[in-house]
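# Observations on the three-dimensional arrangement
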Amino acid sequence: TLKLRNERELLVSLGYGKSKVENLIKELVPADRLEEGPEQPKPEGALTKLVRKVLPRSKGGIIVDGLDGLALHFPKCCAPVKGDKICGFISQGRGVVIHRRDCTRVLDYDIARRVDVRWDGGSKEARPVEIRVRSSDRPGLLASLSQSFHGAGVNITAVNCVTSADRRAVNNFTVLINDVEQLNRVLQTIRGLDGVYSVDRVAD
């Protein structure tokens, strides 16, 4: 009836505003159901079931427009973690793209594709974050850095260390972070280590 070829095309059309939700509801829900009082409990709607079928459940810990479990994409440019101020945009083929609000890439999106998103307070999923530590190339410092992450309950998934002739080092760590508070704690601990010049959360 809406002259769309498949379910995914329907979702894209809704996301871009080409199809109206009101028209879709009229096609999915019988007229007598629409006239029922709102006080009567309703089972999960056909549209919600459709969304969950086409966009598989995600464990990203994000609630989109009051519905959790939608397909999410976290770009590497800003790597948001729980506690960051975030925004979301509908992206064809990727579901909802989640950025930190201060990410410069946000300016590349059409404001009409923006959706309300927030962190799921009950989620404990850790997100990957890259941390760059500039330091002296002193013996034992890498072990101290690793212990700092371990002591904060942070898991390291990747390490890349580069040293220079003037005995300086750039250490890049990819770690799994639960929330902003945990991130700030481990950054503060690392800043206090002897031989550390700077420590920063990396963003493209």
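These lines cover the structure that appears in this document, whether it is placed above or below. (Residues numbered from 1 in each chain as written. Predicted model: local features only at pLDDT ≥ 70, side-chain atom pairs only at ≥ 80, totals over all residues. Heavy atoms only, no water.)

Inspection of every chain in the model, using the stated rule, returns 6 salt bridges. As a salt-bridge pair, Arg100 and Asp102 come within 3.3 Å of each other at their nearest N and O atoms. Residue classification places Arg100 among the buried residues on the basis of a relative accessible area of 13%. Across the pair Arg132 and Glu130 runs a salt bridge, and its minimum N-O distance is 3.9 Å. Classification of Glu130 by relative accessible area gives partly exposed; the value is 30%. (Salt bridge = Lys/Arg side-chain N within 4 Å of Asp/Glu carboxyl O. Buried < 20%, exposed > 50% of the residue type's maximum accessible area, 1.4 Å probe, protein only.)

As for its placement among the helices and strands, Thr157 is situated in strand E9 (residues 155-163). Beyond its immediate sequence surroundings of up to four residues, Thr157 is in contact with Thr174, Val175 and Leu176. (Helix = DSSP H or I, 4+ residues; strand = E, 2+ residues; numbered from the N terminus. Contact = heavy atoms within 4.5 Å.)

Time to look at the nonpolar core. Counting 18 residues, the largest nonpolar core has Ile131, Val133, Leu145, Phe149, Val175, Ile177 and Ile190 as its most contacted members. Of all the elements in the fold, those that place two or more residues in this core are strand E8 (127-136), helix H5 (141-151), strand E10 (168-177), helix H6 (180-191) and strand E11 (196-201). Tallying contributions element by element places H6 first for this core, with 5 residues. Contacts of Ile131, omitting those with residues within four sequence positions, involve Phe149, Asn171, Asn172, Phe173, Val175, Leu183, Val186, Leu187, Val199, Asp200 and Val202. By size, the runner-up hydrophobic cluster in this structure holds 10 residues, among which are Ile62, Val64, Phe74 and Val117. (Core = buried A, V, L, I, M, F, W, Y, C linked by side-chain atoms within 4.5 Å.)

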